[in-house]
Amino acid sequence: MFDKIYKNIYYLGLKSGYLLRDFFRFIFRKIKVPLKAVGSVLLALSLFIGRGGSSAAHIIGTETKELLSDMRRVHSKIREIWKTDRKNAANLFFGYVRKAFSRHGVVFRVAVNTVLPVAAFVLLCVVVGQYSNRTLALEVTYNDAVIGYVESEAVYHEAQEQAAERLATAAKVESATVSESAGYAIKSVKRSELRDAAVLCDEIIERSNRKVTNACGIYIDDVFLCAVKNETDATAVFDNILRSYNVDDENAEVGFVEDISYVQGLYPDGAETVWDASRLAEQLRSKKSAAQYYTVEAGDTVSGIAQKFGLTTAKLFELNPGVGETIKLGQQLLISREVSYIQVQVTKTETRTVSVPYQTVKEETASLYSGTKRTKQKGVAGEQVVTELVTYVDGVRTSVKEVSRETTREPVDEIIQVGTKKSSYGGSYGYTGSYSTTSYGGRFIWPAVGAYSVSSGFGYRRSGFHGGIDIVKPGGGSTGAPVVAAGSGTVVTAGYHSSYGYHVIINHGNGITTLYAHMLRGSLKVSAGQKVSAGQAIGNIGSTGNVTGPHLHFEVRVNGNRVNPLPYLGR
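In this text, all values refer to a predicted model and were calculated from it rather than measured experimentally.

## A word on the packing of helix H7 (residues 231–243) against helix H8 (residues 277–284)
Running from N to C, H7 and H8 point in directions that differ by 35°, and their axes come no closer than 9 Å. Relative to H8, H7 is oriented so that their crossing is right-handed. When H7 is examined against H8, the residues Asp-233, Ala-234, Val-237, Phe-238 and Ile-241 are found in contact with a partner set consisting of Ala-277, Leu-280, Ala-281 and Leu-284. Classifying every residue of the contact of H7 with H8 by side-chain character gives eight nonpolar, no polar and one charged.

In structure tokens form, the structure reads like this:
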């Protein structure tokens, strides 16, 4: 209740002060210019009047002297009469006053118009100066003694809580209360007399009827730990912990994760409260909590374990770097690390080099057959130096903030030429003119134009192992369909074979060759040793060699071993 009353009175006074201040500022702004004008006029009048002004001053001075002389004379006469006839003396006094105002009116007019306003102004200044440094406060009485003045009850309650926390250590209990109640009274005091919670806390402890001593209290995250007689000894313990961390960067910032504060004051004088430096050091180097592990059980999943312990899967993976999505029964997972009583945080600047990916630019060219590609310029990744502000807590990297990024090498675009040249064929069976090749996204383009069906796949079949695929035109009529090089390379063979009939073998490098078999007699358009481009016409589908009908037998060989061609064709 007192707190609320005090706040209302305090805010009312504060608001009134602001209003008076603003009022006087407003008046001053309004009269500043007129005062300057009046001053200029008075200066001009004084210069104009000259001797007349001096004469007026002389008259006032003379009148004042005569008034003082009359006062001394009448004063002596009144004193004599007062001794014998007080009533007559009083009548004489009031009669003289009337005569003085009539005879010496000039002096009284000057006094009323000049002296009194000046005196009133001086009195106002004295009063304002006296009360501007004062404020309304609560006088706190504790245990029948005034322990100080505070702005509000909240200050006392805070001091009471601090005192209880300190006294609890001496009582060897988790909490303690200050039993004595406080009394309040509203007082007008100087601002310098106001006390904060820390000072009031010492006053309460001093009157707690317990043995106390002046020491330095140590608080970790605002929680009282202990008190040490000498503050220098306390700070030295914390400094030694920080110095034990060998940091290679002289610009690194080393500090504690927790907020450490030192509060000088009165504390219960006992072994539970007041420690020496060695006991403090032992406590600070202990562990707040041990590492926690979980043993994987049947049906457990990574996400389920993380959810069970209030973690994210990313955090669980961070705690267990070697663990993947697949976990095994009986496997142990780290749930929380061992935590020191106080944790040391190191923040330093680190640099690392990162790769900048290059862009792939496609460039059309008529020098290549449609559907084929060629690398004109290989891409080169660029490099950037990234500067980061990295934070470690007890040696574990906890956060990274990028500060700057500087490009030290620009990436070089990779240029891929895409063919637009149409394949042209001449011959029978209706395949004349220009044709476009087809790519399914594999390493090689489709080796036949107009024929896209696979009549027999790669692998074992009734007649034995089939080392390639047979390509035909849907619905028949495959004879004469153009055969094109599946990729760029060098022709190794171009001729006749008893089984393959008229065929071509192309070497594409890196141990890879392709074979095109059963082509029409007289349709071969390349010869051994010739360089060919992907999509370039090399013959037409036929039925030469050991076959039962027209088709293109196509093989892919890697280091001489036949493999399934379809993955290389993107199908």
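Now that the structure has been shown, the text picks up again.
## With respect to the nonpolar core
One finds Ile-471, Val-504, Ile-506, Tyr-516, Ile-538 and Phe-554 to be the most contacted residues of the largest nonpolar core, which totals 25 residues. For this core, the elements supplying multiple residues, two or more each, are strand S24 (469–472), strand S27 (501–509), strand S28 (512–519) and strand S31 (552–558). Ile-220, Cys-226, Val-228 and Val-237 belong to the second-largest nonpolar core, a separate cluster that totals 19 residues.

## Some details on the pattern of salt bridges
Pairing is possible between side chains of opposite charge, provided their charged atoms come close. Under the definition given, this model contains twelve salt bridges. A salt bridge links Lys-287 to Glu-338; its shortest N-O distance comes to 3.8 Å. Of this pair, Lys-287 sits in strand S9 (residues 287–289) while Glu-338 sits in the loop between strand S11 (332–336) and strand S12 (339–340), and the two are 51 residues apart along the sequence. Residue Lys-287 is classed as partly exposed on the basis of its relative accessible area, which comes to 46%. Glu-338 gets classed as partly exposed once you look at its relative accessible area, which sits at 47%. A salt bridge links Glu-555 to Arg-562, with the shortest nitrogen-to-oxygen separation between them at 3.4 Å.

## Focus: the layout of surface pockets
Approximately 420 Å³ is the volume attributed to the second largest pocket. Residue assignment for the lining of the second largest pocket shows that the elements contributing at least two residues are strand S23 (464–466) and S31. Broken down by element, the residue count for the lining of the second largest pocket peaks at three residues, all from S23. Of the residues that constitute the lining of the second largest pocket, the class distribution is four nonpolar, eleven polar and four charged.

## Looking at the sheet that holds strand S16 (residues 382–393)
Reading across the sheet, the four strands line up as S6-S13-S16-S17 and stay open at both edges, with antiparallel pairing between neighbours. Of all the strands in the sheet, the pair left with one neighbour each is strand S6 (253–256) and strand S17 (396–409). Put simply, the sheet's adjacent strands are angled 25° from each other on average, direction ignored. Of the strands in this sheet, S6 and strand S13 (344–356) touch H7, which is tilted by about 130° from S6.

## With respect to the packing of aromatic side chains
Aromatic ring pairs are defined here through the distance separating the ring centres and the angle between the ring planes. Going through the model one piece at a time under the given rule, you end up with eleven aromatic pairs. Aromatic side chains Phe-444 and Tyr-568 sit 6.2 Å apart centroid to centroid with 20° between the ring planes, which places their arrangement in the stacked category. On the criterion of sequence distance, the pair formed by Phe-444 in the loop between strand S20 (433–435) and strand S21 (453–456) and Tyr-568 in helix H11 (residues 566–569) is long-range, its members being 124 residues apart. With a centroid separation of 5.4 Å and an interplanar angle of 85°, the aromatic rings of Phe-458 and Phe-465 are classed as edge-to-face. Site record: aromatic cluster; members linked through ring pairs are Tyr-219, Phe-224 and Tyr-267. Here the basic side chain of Arg-571 rests over the ring of Tyr-440, its NZ or CZ set 4.9 Å away from the ring centre.

## Things to note about the pairing of S16
Of all the twelve residues making up S16, nine are buried; the element is thus mostly covered by neighbouring parts of the structure. Looking at chain direction, S13 and S16 are connected through twelve bridges and run antiparallel. Among the inter-strand pairings, Lys-348 is bridged to a residue of S16, identified as Val-390. In this structure, the hairpin formed by S16 and S17 is closed by a connection of two residues, where Asp-394 is found at a positive phi of approximately 50°.

## A few points about the environment of Ser-340
Of note, Ser-340 is situated in strand S12. According to the relative accessible area criterion, Ser-340 is buried, its value standing at 13%. For the pair formed by Ser-340 and Lys-287, sequence separation is 53 residues and the distance between their alpha carbons is 4.3 Å. Engagement of the side chain of Ser-340 in a polar contact is seen with the side chain of Asp-394, the distance being 3.2 Å.

## What to know about unusual backbone geometry
Phi is positive for Asp-221, close to 50°, though the residue is something other than glycine. Following the sequence through the fold, Asp-221 ends up in the loop between strand S4 (212–220) and strand S5 (223–228). Taking relative accessible area as the criterion, Asp-221 reaches 43% and is therefore assigned partly exposed. If you check the backbone angles, Asn-559 has positive phi at about 55° while not being a glycine. The residue Asn-559 is located in the loop between S31 and strand S32 (561–563) in this model. Residue class for Asn-559 comes out exposed when judged on its relative accessible area of 60%.

## Describing the confidence of the model for the chain
In the predicted model, the chain carries a mean pLDDT of 80, and the fraction of residues at 70 or more is 75%. Long-range and interchain partners of residues 171–177, a stretch whose pLDDT sits below 50, account for nine contacts in this model, where long-range means more than four residues apart.

## Some words on the sheet that holds strand S18 (residues 414–421)
The strand order S14-S18-S15 describes an open sheet built from three strands, whose pairing is mixed. Of all the strands in the sheet, just strand S14 (360–369) and strand S15 (373–377) have a single pairing partner and so form its edges. This sheet shows a mean twist of 35° between the axes of neighbouring strands, independent of strand direction. As defined by bridge partners, S15 adjoins S18 across four bridges and the pair is classed as antiparallel. Considered in S18, the bridge of Gln-377 is made with Ile-415.

## Concerning the pairing of S28
Most of S28 is tucked away, with eight of its eight residues classed as buried. Looking at chain direction, S27 and S28 are connected through six bridges and run antiparallel. The residue of S28 that forms the bridge with Val-504 is Tyr-516. Counting the residues in the hairpin turn of S27 and S28 gives two residues, including Asn-510, whose phi is positive at 60°. Alignment of S28 against S31, held across six bridges, turns out to be antiparallel. In the sheet register, Thr-514 faces S31, and the bridge partner there is Val-556.

## A look at the side chain of Ser-340
At 3.4 Å, the side chain of Ser-340 and the side chain of Lys-287 are in polar contact. Not counting chain neighbours up to four residues away, the residues in contact with Ser-340 comprise Ser-286, Lys-287, Lys-288 and Asp-394.

Each value, and the rule that gives it
Residues numbered from 1 in each chain as written. Predicted model: local features only at pLDDT ≥ 70, side-chain atom pairs only at ≥ 80, totals over all residues. Heavy atoms only, no water. Axes fitted to C-alpha atoms, helices over the stretch in contact; angles between N-to-C directions. Helix = DSSP H or I, 4+ residues; strand = E, 2+ residues; numbered from the N terminus. Left-handed = near helix turned anticlockwise from the far one by under 90°. Contact = heavy atoms within 4.5 Å. Nonpolar A, V, L, I, M, F, W, Y, C, P; charged D, E, K, R; others polar. Core = buried A, V, L, I, M, F, W, Y, C linked by side-chain atoms within 4.5 Å. Buried < 20%, exposed > 50% of the residue type's maximum accessible area, 1.4 Å probe, protein only. Salt bridge = Lys/Arg side-chain N within 4 Å of Asp/Glu carboxyl O. 1 Å grid on protein atoms, 1.4 Å probe; cavity = no way out; pocket = protein on both sides within 12 Å on 5 of 7 lines; lining within 4 Å. Points joined across faces, edges and corners; volume = space filled by probe spheres on them. Pairing = 2+ DSSP bridges. Phe/Tyr/Trp six-rings, centres within 6.5 Å; stacked < 30°, edge-to-face > 60°. Lys NZ or Arg CZ within 6 Å of the ring centre and 35° of its normal. Polar contact = N/O pair within 3.5 Å; in protein donor to acceptor, adjacent residues only side chain to side chain. pLDDT = per-residue confidence, 0-100.

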